[in-house]
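The chain contents come next:
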Amino acid sequence: MNRVLRPPIPRLRHRPSLREDIAECMPLLPAWAGLDAATRAALPTLWERLCDEPSVLSSVTEDLARPVGERLQSWGVAMIVPAAQAEAWGLDGEPRPGLVKRAYAALLDGSWRPMAEREIARDNARGELRMLSMHYDMRERDLASPYVQSLLVMGVESYRAGLSGYNLRAMYFENHPGAEPWMLNTGYLRRPHAPGAGEGEDGWPGGEPLLYFRLTREESRHSAATSTLRQIFDHHPPLFRLSPTQRRLLWLSLFDDHDETLMPRLQVSIHGLKKLWRGIYERIEDQMPGFFGEGGGADDGKRGPEKRRQVLAYVRQRLEELRPWDDAR
Amino acid sequence: MSLGPARTLLPRLRHRPPGRDDIPELMSLLPAWLGLDPVARQALPALWERLVDEPALIAGLTEDLSRPAGERAQALGVGMVLPQALVRELRLDAEPEPGIARRLYAGLLSGRWQPLGDKDIGRANARGELHLLTLHFDMRVRGLDDPMARSLMIMGAETFRAGFSGYRSQAMYFENTVASAGWMQMNGFLRRPYQPGGQQAPGGEPLAFYRLTRAEALGAAPGSTVRDIFDHHAPLFGFSATQRQLLWLSLFDAPDELLMQRLDVSVHGLKKLWRGLYERIEDAAPEFFGDAAGDNEGRRGPEKRRQVLAYVRQRPEELRPWA
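Nothing here was measured: the structure is a model prediction, and the numbers come from that model. (Residues numbered from 1 in each chain as written. Chains lettered and ligands numbered in written order. Predicted model: local features only at pLDDT ≥ 70, side-chain atom pairs only at ≥ 80, totals over all residues.)

Engineer: Residue-level account of the overall build of chain B, with values.
Structural biologist: Across its full length, chain B holds 13 helices and seven strands. The C-alpha radius of gyration computed for chain B amounts to 20 Å, which stays within 12% of the reference 20 Å derived for 323 residues, consistent with globular compactness. Scored against the burial criterion, the 323 residues of chain B give a buried share of 43%. In chain B, 77% of the contacts between residues at least 6 apart in sequence involve partners at least 24 apart. (Helix = DSSP H or I, 4+ residues; strand = E, 2+ residues; numbered from the N terminus. Rg over C-alpha atoms; globule rule 2.2 N^0.38 Å. Buried ≥ 20, exposed ≤ 12 C-beta atoms within 10 Å, placed from the backbone. Contact = placed C-beta atoms within 7 Å.)

Engineer: Report on the overall build of chain A, specifying residues and quantitative values.
Structural biologist: Counting its regular elements, chain A contains 13 helices and seven strands. Taken against the 2.2 N^0.38 rule, which gives 20 Å for 329 residues, the C-alpha radius of gyration of chain A at 21 Å falls within 12% of a compact globule. With respect to the three principal axes, the spread of C-alpha positions in chain A is 75 × 70 × 40 Å. Out of the 329 residues belonging to chain A, those deemed buried represent 43%. For chain A, long-range pairs separated by at least 24 residues make up 78% of all intrachain contacts whose partners lie at least 6 apart in sequence.

Engineer: Tell me about the environment of A:Gly98, and name the residues and values.
Structural biologist: Residue and element names in this part refer to chain A. When you line up the elements, Gly 98 lands in the loop between helix H3 (83-88) and helix H4 (99-109). Linking Gly 98 and Ala 197, residues 99 residues apart in sequence, is a C-alpha distance of 9.6 Å. With near-sequence residues (within four places) excluded, Gly 98 lies in contact with Gly 34 and Pro 205.

Engineer: How would you summarise the domain arrangement of chain B if you had to cite specific residues and measurements?
Structural biologist: Residues and elements named next belong to chain B. The assigned domain composition of chain B is domain 1 (13-229) and domain 2 (241-319). In this assembly, eight residues from domain 1 lie in contact with seven residues from domain 2. Taken together, the residues of the side of domain 1 that touches domain 2 sort by class into two nonpolar, three polar and three charged. (Domains from an automatic or database assignment. Nonpolar A, V, L, I, M, F, W, Y, C, P; charged D, E, K, R; others polar.)

Engineer: Describe the interface of chain B and chain A, with residues and values.
Structural biologist: When the parts of a complex come together, some accessible area is lost, and that lost area is often taken as the interface size. The partner chain A presents 40 residues to the 39 residues of chain B that form the contact. At the level of secondary structure, the elements contributing two or more residues to the side of chain B that touches chain A comprise strand S1 (13-16), helix H6 (147-164), helix H7 (181-187), helix H9 (225-229) and helix H13 (301-314) of chain B. Examining the composition of the side of chain B that touches chain A, we find that seven residues originate from one element, H13(B), more than from any other. A breakdown of the residues in the side of chain B that touches chain A according to their chemical character gives 17 nonpolar, twelve polar and ten charged.

Engineer: Lay out the sheet that holds strand S6 (residues 189-191) of chain A in plain terms, naming residues and giving numbers.
Structural biologist: Residue and element names in this part refer to chain A. Spatial strand order, S1-S2-S3-S4-S5-S7-S6: seven strands in an open sheet with mixed pairing. Unpaired on one side and paired on the other, strand S1 (12-16) and S6 mark the two borders of the sheet. Between one strand and the next, the sheet's axes are offset by a mean angle of 25°, whatever the strand orientation. Across seven bridges, strand S3 (residues 72-80) lies against strand S4 (residues 129-138) in antiparallel orientation. From the neighbouring strand, Met 79 faces S4, where its bridge partner is Leu 132. (Pairing = 2+ DSSP bridges. Axes fitted to C-alpha atoms, helices over the stretch in contact; angles between N-to-C directions.)

Engineer: Lay out the sheet that holds strand S3 (residues 73-82) of chain B with the relevant residues and their values.
Structural biologist: Hydrogen bonds along the backbone pair up the strands of a sheet, which may run parallel or antiparallel. Residues and elements named next belong to chain B. Strand order across the open sheet formed by seven strands is S1-S2-S3-S4-S5-S7-S6, with mixed pairing between neighbours. If you trace the sheet from one side to the other, it starts and ends with S1 and strand S6 (190-192), each paired once. Going from strand to strand, the sheet's axes swing by 25° on average, the running direction of each strand aside. Relative to strand S2 (residues 57-64), S1 runs antiparallel, the two being bridged by four bridges. Within S2, the residue paired with Leu 13 across the bridge is Asp 64.

Engineer: Please give an account of the domain arrangement of chain A that cites residues and values.
Structural biologist: Residues and elements named next belong to chain A. Domains assigned within chain A are domain 1 (12-233) and domain 2 (244-322). Placing a centre on the C-alpha atoms of domain 1 and another on those of domain 2 gives a separation of 30 Å. Opposite the five residues of domain 1 that make contact, domain 2 presents six residues. Residues of the side of domain 1 that touches domain 2, tallied by class, amount to one nonpolar, two polar and two charged.

Engineer: An account of H4(A) is needed here, citing residue identities and associated values.
Structural biologist: Residue and element names in this part refer to chain A. Buried residues of H4: Leu 99, Val 100, Ala 103, Tyr 104 and Leu 107, and no others. On an axial view of H4, the arc spanned by its buried residues comes to 125°, and they lie on one face. Where H4 is buried, its residues touch helix H2 (37-50), S4 and strand S5 (168-175). Gly 110, located one to two residues past H4, shows a positive phi value of around 85°. (Arc of directions from axis to C-beta.)

Engineer: Quick one: what's the story with the pairing of S1(A), residue by residue and with numbers?
Structural biologist: Residue and element names in this part refer to chain A. Burial analysis of S1 places four of its five residues in the buried class, the great majority of the element. Judged from the five bridges that link them, S1 and strand S2 (residues 56-63) form a sheet pairing that is antiparallel. In the strand pairing of S2, Arg 13 is matched with Glu 62.

Engineer: Please give an account of the packing of helix H10 (residues 244-254) of chain A against helix H13 (residues 304-317) of chain A that cites residues and values.
Structural biologist: Residues and elements named next belong to chain A. Look at H10 against H13: their axes get within 10 Å of each other, and the N-to-C directions meet at 90°. By the criterion of interaxial angle, the relationship of H10 to H13 is roughly perpendicular. Across the interface between the two elements, Leu 250, Ser 253 and Leu 254 of H10 pack against Val 311, Leu 312, Val 315 and Arg 316 of H13. Per-class residue counts for the contact of H10 with H13 are five nonpolar, one polar and one charged. (Parallel < 35°, antiparallel > 145°, perpendicular 65-115°, else oblique.)

Engineer: With reference to specific residues and values, describe the confidence of the model for chain B.
Structural biologist: Residue and element names in this part refer to chain B. Averaged over all residues, the pLDDT of chain B is 90; the fraction at 70 or higher stands at 94%. When the criterion is pLDDT under 50, residues 1-8 qualifies, and its contacts beyond four places in sequence or with other chains add up to 17 contacts. The ipTM, which scores confidence in the relative placement of chains, is 0.84 for this predicted complex, and the corresponding pTM is 0.89. (pLDDT = per-residue confidence, 0-100.)

Engineer: How would you explain the environment of B:Ala43 if you had to name every residue and give the values?
Structural biologist: Residues and elements named next belong to chain B. Turning to its location among the elements, Ala 43 is positioned in helix H2 (residues 38-51). C-beta crowding within 10 Å serves as the criterion here: with 17 such atoms nearby, Ala 43 is assigned to the partly exposed category. Distance in space between the C-alpha atoms of Ala 43 and Gly 70 is 21 Å, their sequence separation being 27 residues.

Engineer: Provide a residue-level description of the pairing of S3(B), including the pertinent values.
Structural biologist: All names here are of chain B. S3 sits mainly inside the fold: ten of its ten residues count as buried. Pairing between S2 and S3: seven bridges, direction antiparallel. Bridged to Leu 57 within S3 is Met 80. With eight bridges joining them, S3 and strand S4 (residues 130-139) adopt antiparallel strand pairing. Counted as the bridge partner of Val 78 is His 136 from S4.

This is the structure in structure tokens:
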């Protein structure tokens, strides 16, 4: 008897991208970025370096219903930009088109060095962080397709998770015109490019016209509290002041990385990992003595998984605890 | 959870489903615009005792952990899955009269309306005929210039997304104050007219009625809260009602003691529920646990639990009734 084969139910989920994803991510670099062949060829090596940079926020949406190697369905990348770079590119004014192309060129030739943890922490505490969304693209782009719409919905979730908890001064995004309704729905405001955009030296890098969007913290405060960007701009200072490795462990754990995956990413042994968790619990107990409830201080080992769940449930809703922060005078 | 003395000024907002212990504190978060009379208000705690475990009730509480116990509840949102007959009676797909939540509470208190059971919700959900009504959302701080109020509204949107996502709804309804119109429309709701010449708003404050259907939502660009809630895929695992409730409460870090109490099971019953859940998943998706699959000696339990929770957090359709 012939069985009718039904298409598998999509099983979309988002998570931070890994080194192992780089090859599968490369086809998700949008054509409108206008990257030449040499740049594209150099990007996998660049991404090997960028993967663990604290200023790089990169996430993928995968469909677990598809075979391994064909699962990545969308990729989004944002970077924290130093004030000098934002000024050089005119991000707070009217920039020339081709921000992604220029950003990758600067990263490749070394003229743009990704911000270090301490620099991010200092700017974050001052409310001076600037976030440039470099690109977001999907394997399928037909906006009438329910699958693509689900990818976009997951893209918003991923964006909120990746960018929330920072004390941002402004967010920037250059994108193609087809994305405009999505951009406006998420709360961005459209801004002009520099006069003459699309002509001569300032031609559209991929041949397709581009649009430029920006939203500042001040502007977000005057907008309705429900847009994705308004939610991202909402910020409270962290309480626990966790170390970079502790924060990284928590961030990766939010997406359920196994201990076996966490150890190489954090470059620690299984004992080192346990020590990191203990350090997190101690830090939290110092700052919030009642956090783990009655008997929270008992360290007999059996409470470890429960404590981990409690911590993850808390930081999932208080993402500022996972971001660098240094308000030392 | 109590706080150390030094840092009490930083708000520590988080949302979770309310439990029975929260009921006295929640009563102060019933908005005045509902127009509930003193008799109804007095009867509500007992009604809530019954409702709190009903699968048709979708409630979210935002608490500020930096405040002393008993003063933590800062916002409350309450929704319900409604039967088709009630939608017709309240004229929610047409032009209703103001005071929907008040009439619903009155019907529940008199026993004339019963909340839908798990099976009924499952059937309506699988048919895409679910009707979701938000009865009310209110905050302790309401001045929109207050950063705390804005943070509460943002957490309110999170709560809304968490509570309503994963259902295959036909329509969502919301009655709110006219003053909230901007917030409602930014969320993606469309304002609809009341019945001409209908009765006045029960609490004296002007009200507005909002509705969004699945067809309208899916015809709009993704990005707004309500539009994205309508995005839906069928569940894969087919969990039992108790398994779903266990997962839902666990998403908000309910400790085992609370889970046992809410689910009315012993510690052994709880372990059995988790084991049944893992087996169900392995049946439907044999590769789900990777190398941990089949390892049933107990020590991998916490890891499996984390994997399951991380998955269903992003795939909330697994937590909703489906028949």
